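# Understanding the architecture of this molecule
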Amino acid sequence: MKSRWDDVAAQSCPSALALRAYTSRLIGSDPTLVLYGGGNTSLKVDNTLYVKGTGSNLAEVREEHFTALDLDALRTLLHDPTLPDAALMRRIDGCKREPAAPKPSIETLLHAALPYAFVEHAHADAVLAVANVANCEAACASAFGDRAPVVPYRHSGAALARACKAVFERDASARTIGLILACHGVVAFGHTARASHDHLLRLVGLAEDYLERHGAPRPVATTETAVPADPAVTAGLCAAVSAAAGFPLAMKVVTTPTTLAYAQRSDLAEISQQGPPTPQHAIYTKRVPLIDDDVAAYARRYRDYLARTLGHAADGRIDAAPRIAVSPAFGLCAFGVNDHYAAVAAEIYLHDIDIMTRASAHGTYRSAAEQHIARAELEYGGFEQRVRAGIASPPATAPY
Ligand SMILES: [Zn+2]
């Protein structure tokens, strides 16, 4: 993977935190690494952890978007697994050096747990295409070896941080440059900004090499165009989806050879209904797409899934309408509370198509279990209500 590192830009950074912000923007500006508020980064200086605040986008992050916290105090929290999540979040907030600083990233404890000055967390497409398969352990052992041991799926926050710490302490060698987070993403680290950034790109490169070797090369961009979808069909679908949501949704139609080929896959019912490659994507795309044009049946299934996984916690907070529809008639339709979010959902699902297609070429595609995706939808979602209420305007991002 080609590095965008620029020596002149790096040397002009007046502080370690400015350099941290610079390399964070390098990651954030590459959509194959993170999308729309996904991913987070950190820096340790003496006993202070600077971690990206929630809601800021890596592509535009600056020094003031990082929150300084007491590192020793954070690390003591890792040793108390009995602390309930809400109490833990208050304790993390209490570690802030400045009370008015942004709420720190949901992955703050993960960053605190790793003994490196620089830590990067991304949802790189190529890594997900290697790891999100039924034989994740074997595929990752072959692709990354001891460069990046695998951490089993854990919910973001303390559980994931403790799992990363345990795997690092058990499996890391002198060659280790990161960790693979099953059904979630990748962590890379280093003692310098350059090393940490290069390590992330190195892991993506190893993933690309593995995919090439296993018959899953990067799709070649095609310049072919497809016959546009019938506007009456897509408009009818948009009306039905809006009715199921209970409010009007904007639509983005993507009719291309790629989306039409995906819609015509013989295994579409299997791979598309597994769930997203990383939980963050679900807040824009929902857990699964509509694939049979029956919006009412989709909504019934979605309500059942929410009740099964969240009980009444989702009531009034997550509607049952799809945000993605796939059909041989139009390829891909994405829905959002406005044109911006419809386009965001479409772009994210195009990445998901790429990941699922490549994963399916070398294994059996897998997502995190439905209860984990539901929890992500509940905890990281909510931006649609804020946008509709006029409280947030684009780009509102996930709390990562
Ligand atoms: Zn993540």
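Position numbers for residues start from 1 in each chain and track the written sequence from start to end. The predicted origin of the model limits local features to residues at a pLDDT of at least 70 and limits the giving and counting of side-chain atom pairs to 80 or more, whereas totals for whole chains, interfaces and linings rest on all residues.

### Some remarks on the nonpolar core
- Residues V127, V130, C164, I180, L203, A207 and A345 are the most contacted members of the largest nonpolar core, which totals 123 residues.
- Counting from the N terminus, the helices are DSSP H or I runs at least four residues long and the strands are E runs at least two residues long. The greatest single-element share of this core, amounting to 11 residues, is contributed by helix α15 (residues 339-362).
- Start and end points for every domain follow an automatic or database-based domain assignment. Of the domains in this structure, domain 1 (7-213) and domain 2 (231-388) are the two that each give at least three residues to this core.
- Here, residue contact means that the backbone-derived C-beta atoms of the two residues sit within 7 Å. The contact partners of A345, leaving out residues within four places of it in the chain, are Y284, T285, R323, I324, A334, F335 and G336. Definition of nonpolar core: a set of buried Ala, Val, Leu, Ile, Met, Phe, Trp, Tyr and Cys residues joined via C-beta atoms within 7 Å. Using C-beta atoms placed from the backbone, we call a residue buried if 20 or more other C-beta atoms fall within 10 Å of its own, exposed if 12 or fewer do, and partly exposed for counts in between.

### Notes on the sheet that holds strand β6 (residues 178-181)
- Pairing in this open sheet of seven strands is mixed, and the strands run β3-β2-β1-β4-β7-β6-β5 from one edge to the other. Both outer strands of the open sheet, β3 (66-70) and β5 (150-151), are each paired with one neighbouring strand and no more.
- When DSSP locates at least two bridges between a pair of strands, those strands are taken to pair. Sheet analysis places strand β1 (residues 40-45) next to strand β2 (residues 48-52), joined by four bridges and oriented antiparallel. Bridging from a neighbouring strand, V45 pairs with T48 of β2.
- For helices, the fitted axis covers only the stretch in contact; all axes are lines through C-alpha atoms, and the angles between them, taken along N-to-C directions, range from 0 to 180 degrees. This element, helix α2 (residues 16-28), spans β1, β2, β3 and β4 (118-122) of the sheet and lies at about 160° to β1.

### Notes on the domain arrangement of the chain
- Along its sequence, the chain is carved into domain 1 (7-213) and domain 2 (231-388).
- Examining the composition of the side of domain 1 that touches domain 2, we find that three residues originate from one element, helix α6 (residues 125-131), more than from any other.
- Residues are grouped as follows: nonpolar covers Ala, Val, Leu, Ile, Met, Phe, Trp, Tyr, Cys and Pro; charged covers Asp, Glu, Lys and Arg; every other residue, Gly included, is treated as polar. In the side of domain 1 that touches domain 2, the residues fall into 10 nonpolar, seven polar and one charged.

### Re the packing of helix α7 (residues 136-144) against helix α9 (residues 193-213)
- Packing of α7 against α9 leaves a shortest axis separation of 9 Å and a crossing angle of 110°. As judged from the angle between their axes, α7 and α9 are roughly perpendicular. The two elements α7 and α9 cross, and the hand of that crossing is right-handed. In this structure, α7 contributes S142, A143 and F144 to the contact, and α9 contributes L203, L206, A207 and Y210.
- Partitioning the contact of α7 with α9 into residue classes produces six nonpolar, one polar and no charged. Here is the rule for angles: anything less than 35 degrees is roughly parallel, anything more than 145 is roughly antiparallel, 65 through 115 is roughly perpendicular, and the remaining ranges are oblique. Helix crossings fall into two classes, left-handed where the near helix is turned counterclockwise from the far one by less than a right angle and right-handed where it is turned clockwise.

### Details of the sheet that holds strand β10 (residues 331-336)
- Reading across from one edge, β8-β10-β9 is the order of the three strands in this open sheet, with antiparallel pairing throughout. Lying at the two open borders of the sheet, with one neighbouring strand each, are β8 (250-254) and β9 (324-327). For this sheet, the mean inter-axis angle between neighbouring strands, taken without regard to orientation, is 20°.
- Bridge count between β9 and β10: four bridges; the pairing is antiparallel. Of the residues in β10, the one forming a bridge with A325 is C333.
- Packing of helix α10 (residues 231-245) onto the sheet brings it into contact with β8, β9 and β10, and relative to β10 it is tilted by some 40°.
- Packed onto the sheet, α15 meets β8, β9 and β10 and runs at close to 140° relative to β10.

### Here we look at helix α8 (residues 158-171)
- When the terminal C-alpha atoms of α8 are compared, their 20 Å separation across 14 residues agrees well with the 20 Å that a helix rising 1.5 Å per residue should span.
- Among the residues making up α8, those that are buried are A158, L160, A161, A163, C164, K165 and F168.
- For α8, the elements touching its buried residues are α4 (85-93), α5 (108-113), β5, β6 and β7 (185-190). Helix span, as expected, comes to 1.5 Å for every residue beyond the first.

### Some thoughts on unusual backbone geometry
- Phi angles above zero are rare outside glycine, and D46 is one such case at about 55°.
- Tracing the chain through its elements places D46 in the loop between β1 and β2.
- Even without being glycine, K286 reaches a positive phi, approximately 65°.
- Here K286 shows up in the loop between α13 (282-285) and α14 (295-310).
- Taking the number of C-beta atoms within 10 Å as the measure of exposure, K286 has 26 and is therefore buried.

### Topic: the pairing of β6
- Side chains G178 and I180 project from β6 onto one buried face, and the interleaved L179 and L181 project onto a second face that is buried too.
- By the bridge criterion, two bridges tie β5 to β6 in an arrangement that is parallel. Within β6, the position partnered with V151 by the bridge is L181.
- We call a crossover right-handed when, viewed with both strands directed away from the observer, the connection leading from the first strand over the helix to the second proceeds clockwise. Handedness of the crossover joining β5 and β6 through α8: right-handed.
- Counting the residues between successive antiparallel strands, the hairpin from β6 to β7 contains three residues, one of them, C183, with a positive phi of roughly 55°.

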